[in-house]
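# Survey of secondary and tertiary structure
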Amino acid sequence: MEDLGPVIWPPEPIRTERLVLREPEGRDRAAFIELLASPEVHTYLGGPRPRDELERETPEVPERWPGSFVVELDGAMIGQILLRRATGHRRPAAAGKVDLGYLFLPRAWGSGYAAEACAAALDWLADALPGEPVVLATQTANAGSMRLAAKLGFTEVERFEAWGAEQWLGMRPTVTPVSTAQSPGHTP
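Because the structure is a prediction, the values reported are computed rather than measured.

The mixed open sheet is built from eight strands, whose spatial order is β1-β2-β3-β4-β5-β6-β8-β7. Two strands in the sheet have a free side with no partner beyond their single neighbour: β1 (14-15) and β7 (155-162). Summarising the sheet, strand β6 (residues 134-139) and strand β8 (residues 165-172) pair through six bridges and their orientation is antiparallel. Paired with Leu136 across the two strands is Gly170, which belongs to β8. Against the sheet, helix α1 (residues 29-37) contacts β3 (68-73), β4 (76-85) and β5 (98-104), and its axis sits at roughly 70 degrees relative to β4.

Structure representation (structure tokens):
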């Protein structure tokens, strides 16, 4: 995976109704370690990494690169949104496209935060790189991720076997930014 290319980074923090998407900071290190060491979070991602290894290897400011957003609720990190260029993707349909990934702490599950944060990140991407197609891959067994992909407008491109499980690859149609100019007879 590579970075997104010609985007201004970091953007101003993105604010939604309940969340803030922002660049990672040093204060997020403990939450990143918790996220990467969580067996629940990594059920469909090959398993968690050992906490002691993460403590040794995680930099002071983790995941600081274009396309990596911390998702913050009430001043604390609850998850991460990842937008990366899928240059080395195994599936030809995904190669070179922007890949959406997300991880949320279990205490943040079930409240719609992932949908809210992913939608905000995708809106940002549509403004930063207009017309850019986006892909998402997940295990078909991950029902929550499958529901989120559908809610975000991803449609199935293919299913394939990898890492000992059936995977799902979806693509989101390119979104053209809507002009904010008012047309005659248009009411907001």
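Attention now moves to the pairing of β5. Of all seven residues in β5, seven are buried; the element is thus mostly enclosed. Here β5 pairs with β6 via two bridges, running parallel. Its bridge partner being in β6, Asp99 is matched across the sheet by Val135. Remark: the β5/helix α3 (residues 113-128)/β6 crossover connection has right-handed handedness.

Attention now moves to the side chain of Ser68. For Ser68, the position within the fold is in strand β3. The class for Ser68 is buried, based on a relative accessible area of 0%. In terms of polar contacts, Ser68 uses its side chain to reach the backbone carbonyl oxygen of Glu63, at 2.9 Å. Beyond its immediate stretch of four places on either side in the chain, Ser68 contacts Trp9, Arg22, Glu23, Pro24, Glu63, Gln80, Ile81 and Leu82.

Bringing the pattern of salt bridges into the picture now. This model, assessed by the stated rule, comprises 17 salt bridges. For the salt bridge of Arg107 with Glu34, the shortest nitrogen-to-oxygen distance reads 2.9 Å. With Arg107 in the loop between β5 and α3 and Glu34 in helix α1, this residue pair connects regions lying 73 residues apart in the sequence. Classification of Arg107 by relative accessible area gives exposed; the value is 56%. Linking Arg159 and Glu156 is a salt bridge whose minimum nitrogen-to-oxygen distance equals 3.1 Å. The exposure class assigned to Glu156 is partly exposed, which follows from its relative accessible area of 43%.

Criteria and cut-off values
- Residues numbered from 1 in each chain as written.
- Predicted model: local features only at pLDDT ≥ 70, side-chain atom pairs only at ≥ 80, totals over all residues.
- Heavy atoms only, no water.
- Pairing = 2+ DSSP bridges.
- Helix = DSSP H or I, 4+ residues; strand = E, 2+ residues; numbered from the N terminus.
- Contact = heavy atoms within 4.5 Å.
- Axes fitted to C-alpha atoms, helices over the stretch in contact; angles between N-to-C directions.
- Buried < 20%, exposed > 50% of the residue type's maximum accessible area, 1.4 Å probe, protein only.
- Right-handed = clockwise from strand over helix to strand, strands pointing away.
- Polar contact = N/O pair within 3.5 Å; in protein donor to acceptor, adjacent residues only side chain to side chain.
- Salt bridge = Lys/Arg side-chain N within 4 Å of Asp/Glu carboxyl O.

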